[in-house]
Amino acid sequence: MTSLKRIGRIKFGLLAPKEIRRMSVVKVITADTYDDDGFPIDMGLMDQRLGVIDPGLRCKTCGNRPGACPGHMGHIELAAPVVHVGYTKLIKKILLSICKGENCGRVKLTEKEKKEFLNRMEEFRENDRPITPIVEEMFKTSAKVMECPHCGEEQIEIKFEKPTSYYEGDHKLMPAEIRKRFEKIPDEDIPLFGMDVNVARPEWMMLRVLPVPPVTARPSITLESGQRSEDDLTHKLVDILRINQRFQENREAGAPQLIIEDLLELLQYHVTTFFDNAVSGVPSARHRSGRPLKTLSQRLKGKEGRFRGSLSGKRVNFSARTVISPEPNLSINEVGVPKAIAEELTLPVVVTERNIEEMRECVRRGPKHPGANYLRRIDGRRIKITEQNAEEVAETIEYGCRVDRHLKDGDIVLFNRQPSLHRMSIMAHRVKVMPHRTFRINPAVCPPYNADFDGDEMNLHVCQTEEARAEALLLMDVQRNILSPRFGGPIIGGIHDLITGMYILTRRGKMFDENSALELLRKTDIRKLPEPAELIDGVPYWNGKQIFSQILPPGLNLTFNAKICYNCDKCRGVDCERDAYVVIRDSQLLHGVMDEAAVGAFKGKVLDRVVKEYPNETARKFIDDMSHLAIRSIMSEGFSFGIDDEDIPKDAKIQIDEAVELANQKIHKLVDAYENDELEPLPGRSLDETLEMKIMQELGRARDETGRTAERFMGKDNSAVVMAVSGARGSMLNLTQMAACVGQQSVRGERIHRGYIGRTLPHFRRNDLGADAHGFVASSYKTGLNPTEFFFHAIGGREGLVDTAVRTSKSGYFQRRMINALQDLEVKYDGTVRETHGGLVQFMYGEDGVDPSKSDYGKAVNVKRIVEAVVGDEKGAGRV
Amino acid sequence: MNLMLDLRAVSSAYFTREKVAEHHVKSFNKFVDGGIQKIIDEQGLIETDIEDTNERGAYKVYVKLGKVNLLKPTIKEADGSREKIHPTEARLRNVTYAAPIYLEMTIVEEYPETGEKEEYEMKEIEIGELPIMVLSKCCNLYGLGKEGLIERGEDPLDPGGYFIINGTERVVIALEDLAPNKVFVEFDKRYGDKIEVTKTFSQRRGYRALVIVERGHHGILEVSFPSVSGRLNFITMVRALGLETDQEIIEAVSSDLEIQKFILENIEEAEVETTEESMDKIGKRVAAGQAKDYQHKRANYVIDRYLLPHIGNDEDSRLAKAYFLCGMAEACYELALGQRGEDDKDHYSNKRIKLAGDLMEDLFRVSFNRLTRDIKYQLERAHMRNRELNVSTAIRADVLSDRIMHPLATGNWVGGRTGVSQLLDRTDYMATLSHLRRIISPLSRAQPHFEARDLHPTQWGRICPCETPEGPNCGLVKNFAQLVEISSGIGDVDEFKVLLCNLGIERLGGDRSA
């Protein structure tokens, strides 16, 4: 391998005509491409010296075949100079700043001014600062000078008219004239424009020679009809050549000035659109079908352009995509790969002494699963392994061969779900080849990917080199990314059924005999049980808390309030009647239940502690065991939710109706007060607003009230309540809406007011300010909504739908802008945040120097925890 | 309240009739019955530039158009024969389900010196083909019973209401639009100031012109309409239109004293006193730097053609236009004074639905215009070559057919609207029904337009509250409610105007004014 070199700096200049001619292999003069036999014409646009694309031909410049020949530049000699569209503004500035005098052409600045500008530029350059502002200032000052300080010539105002015309007074400046003027600018004046004379002369912005891109950059395609279809660039070049030729002929024949000018304009148009077919003020050049041509600038620009479409992002091999589905028996760092995919994706393995037998076996199996697809022999030949030739090829295997073997268990792959908004959107997983057709993941890794299983698809990429695998393992492995750099807590953890399962298991009063206890722990590697909690009739029983404790890593002490905690005024601690006070001593769960606050993603405190205080591997094991245990627990208990879970007794219904009726009465009173001008407006609000606010408040209160009633009657063993309370899914509000009262529907935070004149719907009286007439839904989902309620509900629902639709499209764009603004910022070793020039953005990263992924939910240290660890819990006591 | 009917019975009764795509069918029938003839009558005759002399003296040539006759769908076979075709066959053979249109035409030679007219006999000539909506009046399946439909290879439950173009079923989607010729007032912002604006989309035969009256700075009213850049003074406009005296203007605007005060303010600031002066002023704006004569001509033209075209496009309707503008001004002041609120653009009474028939009308008008131009060109060319003039050879049937077929096949309608016709969704029966009852709002999907996407209470019973796509089209693409009834607009009826006049209402002139 040649030694690696670093690019020190890049300097941009203009392409000199000389340079263009020097690198050109052919001067193109014919506008035709192929002759009647379909053979490229000499000195035409498809000249074989420009490179070859047709199979079987050889490049006349480098002698290579298509594919190997990189292509070579050609050139067109333009009959008259034309303006390069990319430089029109600079041309204008330079025109304005130089003297028009016949023998002068110098920048209209005195020697002293000139020196000063140059000195300042030099100073800026030394300090690595952009000199653009000084150049701009120079252009401004020199443009104002109306009498040349060198020759005293009177200057005439110059106007630039888009896209490519320049007028000096009423006289139109031809590109040739401009070029002449620019030629007169002495070398020592050129640095004033911010240019380097060695690589750029202003007159080079007026093209006299046009570089012709090689054929390989504009390949023609052969349609199935045998017809040739040329690339857009070739079409454009043909236009340029035609007009160039006509212009030349007309000029030589002495055609009238008018015609010559028209032709020049046309030539200018074609050259302009050759570079950029979307210049404002220039009608875009079109194909015969009316499709605008894709010329040079269009190839580079935009999302599908060369930069964003072909360089920053491109299509790759060794990748797979399919639907994802859950598999809690997998480890979080595994991914279940369908066999069909494993047979398609391969990994290159070089045959050595140590693996030759293994590889031989792979090759022998050929396309059947743990097999191989290709063998690359030492001589470089690649052989596709088929069922027919597998045995035969397996015999030929020797050291140094490369076998493209199938994916097998334990291989490192990258797994990704779009949109990739943060770094945990791509993580490294270990392959587990499985039957069926979906990727399987542990539901605990859903949060970082923001995935669910309603049809989501994910991508998988196979690392092809040892280096890639090592890097993926060291940086992207799932267990290394449990903590989110966003908020410094675990982003991988229990969700939904996992939390429910844990909650059910660790509730008070769950007892298991040995068989069922071991059954619960079957997928973990725990085979021994502690001392049983109880002996009933001589049979040992273990409680759920004990079973859970088995998966905790040793030496864990923790005290906190569970999610189910009611935040009572006076906490009863371990005597909490709801078992919401969690105490873990030496890895034994003594009190409390495991719910979202313990094992949930984002919030789980036990999880958080395990991840932060134990090795990644232990944390991973804990989450794995947890999901195995939880799923077993919920399955052995059985957990379901049906319409009858929303049933509430008659008494509750009466109470709910009363609450709604009461609210209605209160609103009546409010409205009466309003109509009798007795309502006191709230500070900073109008009377109408006050009324609305009070009504909204009242209705909100009514709904909460009904919700509480419903909750009271539903009982804590109701599966909906279990889910809501433990934080697994849904909230009490959802329950309220299902069982008691849906509540007020709103549009943009207000009650529903639009509709017919004076009322929302014709079902109500005009100017009715009551609850029903403005979208209060007193029914529950269970009892069903009446027609007007249903309609109001649809109104409220529509707003949510529109909101999500508008939000998703905006967030993508916002992300892009954030990335563009922040991508070059870097935290340096001194803790400062700097941009590429070394400019300071922050003196200390985040102004507190805290790496959030190593922090405790954003705070640098968890003082209480340290106190607890040092002093011991008896005294330090504080809850986390 | 237990007197409620079982609504399921009502709606099932509703659906036993062919209701699902009835709106499309009805609308198309209306187009076939009267729409086509109306467009041809609008044209009346095709003038040519042929002027020549023969033994009877100098003469001019034009083509007179008569009655149109739409036949039943047929297919032209390769051997030239015409055969009746049924939708199934069209679908299977990938052909268009279309019927030939015949039009009575004749060439007229007019001798202006003598006033004589040489008219040939009216001849019915095929001018092109019109795609026929399945199960419409012109459809070959029309009136067939269940057995009849099955016999012809048709699903008796198919709702119809779509076209078959080159074998693909194409639905012309209903478009929801802001009601034309209606006055809307709203607040707007100009350079940070809140101003009152009155807008009217004036529409005449497919041409739409937005006329705006606004209360600009210092409370002076200004008018803007197409072809005039910037805004014109309101008083100048009404004076130009014939309301000359101060009193006339004030009375035309409002009888409300408060508003009259504001108008007086305007009159004091007026730039002009008389109609002539006003016309000069407008002329200067519309044709700046041109000869006085031309300015006048241009001003007259602009006022008649581009200002409130729905009222009329001749001099007679000017007074009516003046009164209309005054009405708009009044609305503007009413809003400013808080006598009325902003108009709710999403209120369904302010919406109009353009159905298949209306859209076909637009399409046919443009296509027919193209045909007349082609006929004119062909006749002139024939005359140049000294051939005998003959309408039937001057008609190239494909000119009209292609112009109609192409938009239907691609969805690129006249006026640059895309996606008007769509491939009928046959994923399942429900998808088909839903697709046939779809309404699209032409608002841009790129902008949020929160209010337009909301479900408006006035959509109750008209538009389904639930069925709308998620994503960028949410709330802009809608579907008709089950029991929706679509009434169609009635053109100006003279009897009605006469009746009103007899009741003591004065005529101001113009087609639409009474």
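Participant: How would you explain the overall build of chain B if you had to name every residue and give the values?
Facilitator: For chain B, the count of helices and strands is 16 helices and 19 strands. Overall, chain B is about 85 × 80 × 45 Å in size when its C-alpha atoms are taken along their principal axes. For chain B, restricting intrachain contacts to residue pairs at least 6 apart in sequence, the fraction spanning at least 24 positions comes to 64%.

Participant: Hey, could you go over the overall build of chain A for me, with residue numbers and the actual values?
Facilitator: Helix and strand content of chain A: 27 helices and 28 strands. For 880 residues, the compact-globule estimate of 2.2 N^0.38 gives 29 Å, and chain A exceeds it by more than 25% at 39 Å. With respect to the principal axes defined by its C-alpha atoms, chain A has extents near 120 × 95 × 65 Å. Across the 880 residues that make up chain A, the buried fraction comes to 36%. For chain A, long-range pairs separated by at least 24 residues make up 67% of all intrachain contacts whose partners lie at least 6 apart in sequence.

Participant: Any details on the nonpolar core? Residues and values, ideally.
Facilitator: One finds Val337(A), Met502(A) and Met626(A) to be the most contacted residues of the largest nonpolar core, which totals 110 residues. Ranked by the residues each element gives to this core, the list is headed by helix α20 (residues 616-637) of chain A, at eight residues. If we skip the residues at most four places from it in the chain, Met502(A) touches Gly494(A), Met594(A), Asp595(A), Val599(A), Met626(A) and Ala630(A). Judged by nonpolar contacts, the second largest core, of 61 residues, contains Val25(B), Leu141(B), Leu355(B) and Val420(B).

Participant: Quick rundown of the domain arrangement of chain B? Include the residues and the values.
Facilitator: Its domain assignment divides chain B into domain 1 (22-175 + 357-428) and domain 2 (183-348). Relative placement of domain 1 of chain B and domain 2 of chain B: their C-alpha centres are 40 Å apart.

Participant: Give a detailed account of the environment of Glu183(A), specifying residues and quantitative values.
Facilitator: When you line up the elements, Glu183(A) lands in helix α5 (residues 175-184). The spacing of Glu183(A) and Val777(A) is 594 residues in sequence and 82 Å in space, taken between C-alpha atoms.

Participant: Help me get a handle on the pairing of strand β14 (residues 221-224) of chain B, residues and values and all.
Facilitator: All names here are of chain B. Where strand β13 (residues 207-215) meets β14, four bridges bridge the pair, whose relative direction is antiparallel. What sits directly across from Val213, in β14, is Val223. Pairing geometry for β14 and strand β15 (residues 232-233), over two bridges, is antiparallel. Across the sheet, Val223 pairs through a bridge with Leu232, a residue of β15.

Participant: Before we move on, could you go through the packing of helix α8 (residues 275-286) of chain B against helix α9 (residues 292-306) of chain B and cite the residues and values that matter?
Facilitator: All names here are of chain B. Between α8 and α9, the least distance of the axes is 8 Å, while the angle of their chain directions is 90°. Relative to α9, α8 is oriented roughly perpendicular. Residue-level inspection shows Met279, Ile282, Gly283, Lys284 and Val286 of α8 in contact with α9, the latter providing Gln295, His296, Arg298, Ala299 and Val302. Considered class by class, the residues forming the contact of α8 with α9 number five nonpolar, three polar and two charged.

Participant: Explain the sheet that holds strand β2 (residues 158-161) of chain A to me, and be specific about the residues and the numbers.
Facilitator: All names here are of chain A. Read across the sheet, three strands follow the order β2-β3-β4 without closing on themselves; strand pairing throughout is antiparallel. Each having just a single partner strand, β2 and β4 (171-173) make up the two edges of the open sheet. Across the sheet, the mean angle from the axis of one strand to that of its neighbour is 35°, orientation sign disregarded. With four bridges joining them, β2 and strand β3 (residues 165-168) adopt antiparallel strand pairing. Bridged to Glu161 within β3 is Ser165. This element, helix α2 (residues 88-97), spans β2 and β3 of the sheet and lies at about 170° to β2.

Participant: Can you break down helix α2 (residues 22-43) of chain B residue by residue, with the values?
Facilitator: Residue and element names in this part refer to chain B. Between its first and last C-alpha atoms α2 spans 30 Å; for 22 residues at 1.5 Å apiece the expected length is 32 Å, and the two agree. Along its length, α2 shows its largest kink, about 45°, at Val32. Along α2, the positions that sit buried rather than exposed are His23, His24, Val25, Ser27, Phe28, Phe31, Val32, Ile36, Ile39 and Ile40. Packed against the buried residues of α2 are β2 (57-70), β5 (98-111), α11 (356-384) and α14 (429-436). Gly44 sits one or two positions beyond α2 and adopts a positive phi of about 75°.

Participant: Explain the interface of chain B and chain A to me, using residue names and the numbers behind them.
Facilitator: Contacts between chain B and chain A engage 17 residues on the former and 16 residues on the latter. Class assignment for the residues of the side of chain B that touches chain A results in nine nonpolar, four polar and four charged.

Participant: Go over the domain arrangement of chain A with me, naming the residues and quoting the values.
Facilitator: With domains assigned, chain A is organised as domain 1 (17-80 + 211-299), domain 2 (85-203), domain 3 (319-481), domain 4 (497-637), domain 5 (643-799) and domain 6 (826-867). With centres defined by C-alpha atoms, the gap from domain 1 of chain A to domain 6 of chain A works out at 56 Å.

Participant: Before we move on, can you summarise the pairing of β5(B) with the specific residues and values?
Facilitator: Residues and elements named next belong to chain B. Pairing geometry for β2 and β5, over nine bridges, is antiparallel. If you follow Asn69 over to β5, its bridge partner there is Tyr102. Two strands pair when backbone bridges link them, and β5 and strand β7 (residues 123-131) are joined in this way by eight bridges, in the antiparallel orientation. Looking at the pairing, Leu103 lines up with Ile125 of β7. Pairing of β5 with strand β6 (residues 116-119) involves four bridges; the strand directions are antiparallel. Bridge assignment links Glu109 to a residue of β6, and that residue is Glu118. Taking the residues that link successive antiparallel strands as the turn, the β5-β6 hairpin has four residues, and the phi of Gly115 there is positive, at about 75°.

Quick notes on the rules
- Residues numbered from 1 in each chain as written.
- Chains lettered and ligands numbered in written order.
- Predicted model: local features only at pLDDT ≥ 70, side-chain atom pairs only at ≥ 80, totals over all residues.
- Helix = DSSP H or I, 4+ residues; strand = E, 2+ residues; numbered from the N terminus.
- Contact = placed C-beta atoms within 7 Å.
- Rg over C-alpha atoms; globule rule 2.2 N^0.38 Å.
- Buried ≥ 20, exposed ≤ 12 C-beta atoms within 10 Å, placed from the backbone.
- Core = buried A, V, L, I, M, F, W, Y, C linked by C-beta atoms within 7 Å.
- Domains from an automatic or database assignment.
- Pairing = 2+ DSSP bridges.
- Axes fitted to C-alpha atoms, helices over the stretch in contact; angles between N-to-C directions.
- Parallel < 35°, antiparallel > 145°, perpendicular 65-115°, else oblique.
- Nonpolar A, V, L, I, M, F, W, Y, C, P; charged D, E, K, R; others polar.
- Expected span 1.5 Å × (residues − 1).
- Bend = angle between axes of the 7 residues up to and from the residue.

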